[in-house]
Amino acid sequence: MHVLPVASGKGGVGKSLFASNIAIALAEAGKKVILADLDLGASNLHLILGIGAVKQGIGTFLTSSNLSFEDIIIDTDYKNLRFIPGDAEIPGMANLKTGQKTKLIRKLFTLDADFLILDLGAGTSFNTIDFFLSSSMGVIVTAPTLTSTLNAYLFLKNTVFRLMTSIFSKKSPAGMYLEKLRKEGTSLQKVYIPKLLERIKHDDPESYLKYQERMKNFHPMLILNMLENPKDAAKADKIRRSTKEYLGVDMEHLGVIYFDHYQEIALNSRLPVIKYKPECVLSQALYRIADKLIQKDDDRFFTPDIEGLKNSYITANMEAEIDFNVKAETMEEMLHSGALAEGDLIDTIKAQQYEITALKKENHFIKTQLSKAIEEGFTM
Ligand SMILES: Nc1ncnc2c1ncn2[C@@H]1O[C@H](COP(=O)(O)OP(=O)(O)O)[C@@H](O)[C@H]1O
Ligand SMILES: [Mg+2]
């Protein structure tokens, strides 16, 4: 099972929109998916899925002893997709005790699915960070704005720091040094990670090696949401440069998503956008990202090398250009509705977009069949 925690730093950047729609797209592609609302204290994922009031969820499970974990998992209107509600009604749920968190992670990890998607809360609480660290491949969603990218970066910095604290033993020189920083109330913003690591490497090579080993299993991926124009896509390159240089983390780029007015209309009609308008730019971007995840699933989620990571940014930048050109509804708004010929043109472009996705799926299917056949041929 691939666990995909979805985090951000700043709220309102599209985590829940991404988590819910990507879950549906993966389920549509035949993957068994479970979506969990871990934005405890501010759960709203059920509303995006069009599920009304939920009776019980993670909060009730953790606070009542006679509920089994299976009891809180509900079927959705979508084939292959099950849902675990959070709990908006239980105050204080945002601050799980360590025991509750461990129990929850253990329960989640024994579920039977191809993908487990965790919609996390905003911010850098230990809960959120620990859920993010529970998988080697968390997704960080950010908008192109300065505050949003900064918060994404700080989230990752907090995560790296938390990871250090959890792997260095308290009595090791590295562990003691971190404890000293904590006691002195040094703000994390001031800590320069490369220098800190250099110091640890020098004073405590054993801890340093442990850290290097752990980092081999830490491959967060980036989603840049709410683009307005292709220039916004360049923000991803900036984030990459900063996290690489200052945190030693090279993120793969999963893709860009434009701001799309269809999302609001979809929300008002209580349908996930991918169901409401599968051919709109937003839904198409989500399908494209789902395709990438399925491809990664087929490749057993191997980690791309530096060249592969670089290519993921080049691809995303290209996709930003393409999507901008096919932002058909923007064109539609600009052109007068009376222009029939232009209207036809728009419809054609939309239909083609749709067709491209269908073809991509077919292509993917054939590729899988082909590689299966080749594999069988080899073993015979
Ligand atoms: N690409 C997008 N286009 C249009 N609206 C979006 C887009 N992404 C997110 N939104 C809207 O922005 C708001 C915040 O999104 P949400 O997924 O709830 O963020 P988060 O879970 O990170 O707090 C919601 O109203 C959502 O519908
Ligand atoms: Mg949310």
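Rules and cut-offs
- Residues numbered from 1 in each chain as written.
- Chains lettered and ligands numbered in written order.
- Predicted model: local features only at pLDDT ≥ 70, side-chain atom pairs only at ≥ 80, totals over all residues.
- Helix = DSSP H or I, 4+ residues; strand = E, 2+ residues; numbered from the N terminus.
- Rg over C-alpha atoms; globule rule 2.2 N^0.38 Å.
- Buried ≥ 20, exposed ≤ 12 C-beta atoms within 10 Å, placed from the backbone.
- Domains from an automatic or database assignment.
- Contact = placed C-beta atoms within 7 Å.
- Nonpolar A, V, L, I, M, F, W, Y, C, P; charged D, E, K, R; others polar.
- Near = placed C-beta within 6 Å.
- Pairing = 2+ DSSP bridges.
- Axes fitted to C-alpha atoms, helices over the stretch in contact; angles between N-to-C directions.
- Parallel < 35°, antiparallel > 145°, perpendicular 65-115°, else oblique.
- Left-handed = near helix turned anticlockwise from the far one by under 90°.
- Right-handed = clockwise from strand over helix to strand, strands pointing away.
- Expected span 1.5 Å × (residues − 1).

**Observations concerning the overall build of the protein chain**
Counting its regular elements, the protein chain contains 16 helices and eight strands. For 380 residues, the compact-globule formula gives about 21 Å, and the C-alpha radius of gyration of the protein chain, at 22 Å, lands near that figure. In terms of principal-axis extent, the alpha carbons of the protein chain reach across some 75 × 55 × 50 Å. In the protein chain, which comprises 380 residues, the share counted as buried stands at 39%.

**Notes on helix 5 (residues 126–133)**
For helix 5, the buried fraction is high: six of the eight residues fall into the buried class. Listed as buried for helix 5 are N127, T128, I129, F131, F132 and L133.

**Re the domain arrangement of the protein chain**
Assigned domains within the protein chain: domain 1 (2–149 + 220–323) and domain 2 (326–379). Using C-alpha coordinates to define each centre, domain 1 is positioned 24 Å away from domain 2. Counting residues at the interface gives 12 residues for domain 1 and 10 residues for domain 2. Classifying every residue of the side of domain 1 that touches domain 2 by side-chain character gives six nonpolar, two polar and four charged.

**Quick notes on the site of ligand 1**
G14, K15, S16, L17 and Q263 are the nearest of the 17 residues found near ligand 1. For the shell around ligand 1, the elements supplying multiple residues, two or more each, are helix 1 (15–28), strand 7 (221–227) and helix 11 (262–268). The leading source of residues in the shell around ligand 1 is helix 1, at three residues. Across the shell around ligand 1, the residue classes tally to eight nonpolar, seven polar and two charged.

**As for the sheet that holds strand 1 (residues 2–7)**
Taking strand neighbours across the sheet as the criterion, the eight strands line up as 3-4-2-5-1-6-7-8 in an open arrangement whose pairing is mixed. This sheet does not close on itself; its edge strands, each paired only once, are strand 3 (74–75) and strand 8 (252–258). The pairing of strand 6 (residues 139–142) with strand 7 spans four bridges and is classified as parallel. Counterpart to V139 in the pairing with strand 7 is M221. Most of the contacts of helix 14 (residues 306–325) go to strand 8, to which it runs at about 10°, and overall it touches strand 7 and strand 8.

**Brief notes about the packing of helix 6 (residues 146–167) against helix 9 (residues 205–215)**
Where helix 6 contacts helix 9, the axes come no closer than 10 Å and their chain directions differ by 125°. As summarised for this structure, helix 6 and helix 9 are arranged oblique, according to the angle between their axes. Of the two elements, helix 6 crosses helix 9, and the hand of that crossing is right-handed. Residue-level contacts link L163, M164 and I167 of helix 6 to K210, Y211 and R214 of helix 9. A breakdown of the residues in the contact of helix 6 with helix 9 according to their chemical character gives four nonpolar, no polar and two charged.

**Here's the deal with the pairing of strand 8**
Of all the seven residues making up strand 8, seven are buried; the element is thus mostly covered by neighbouring parts of the structure. With respect to chirality, the unit in which strand 7 leads through helix 10 (residues 234–247) into the neighbouring parallel strand 8 is right-handed.

**Digging into the environment of E362**
Of note, E362 is situated in helix 16 (residues 340–379). A sequence separation of 12 residues divides E362 from K350, and the C-alpha atoms of the two residues are 19 Å apart.

**Considerations on helix 1**
What sets the pattern is the α-helix's 3.6 residues per turn: residues three or four places apart point alike. For helix 1, with 14 residues, the first-to-last C-alpha span of 20 Å sits near the 20 Å given by 1.5 Å per residue. Burial of helix 1 is extensive: 13 of the 14 residues sit out of reach of the surface. With its phi angle positive at about 95°, G30 sits one or two positions after the end of helix 1.

**Here's the deal with the packing of helix 1 against helix 13 (residues 281–298)**
At a minimum axis separation of 9 Å, helix 1 and helix 13 run at an interaxial angle of 60°. On the basis of the axis angle, helix 1 is oblique to helix 13. The way helix 1 lies across helix 13 gives a crossing that is right-handed. In contact with N21, I22, A25 and L26 of helix 1, helix 13 contributes L286, Y287, I289, A290, L293 and I294. Within the contact of helix 1 with helix 13, the residues separate by chemical class into nine nonpolar, one polar and no charged.

**Notes on unusual backbone geometry**
Unusually for a residue other than glycine, N80 sits at a positive phi of about 70°. With respect to the secondary-structure elements, N80 resides in the loop between strand 3 and strand 4 (81–84). On the basis of neighbour counts, which here come to 19 C-beta atoms within 10 Å, the residue N80 falls in the partly exposed class.

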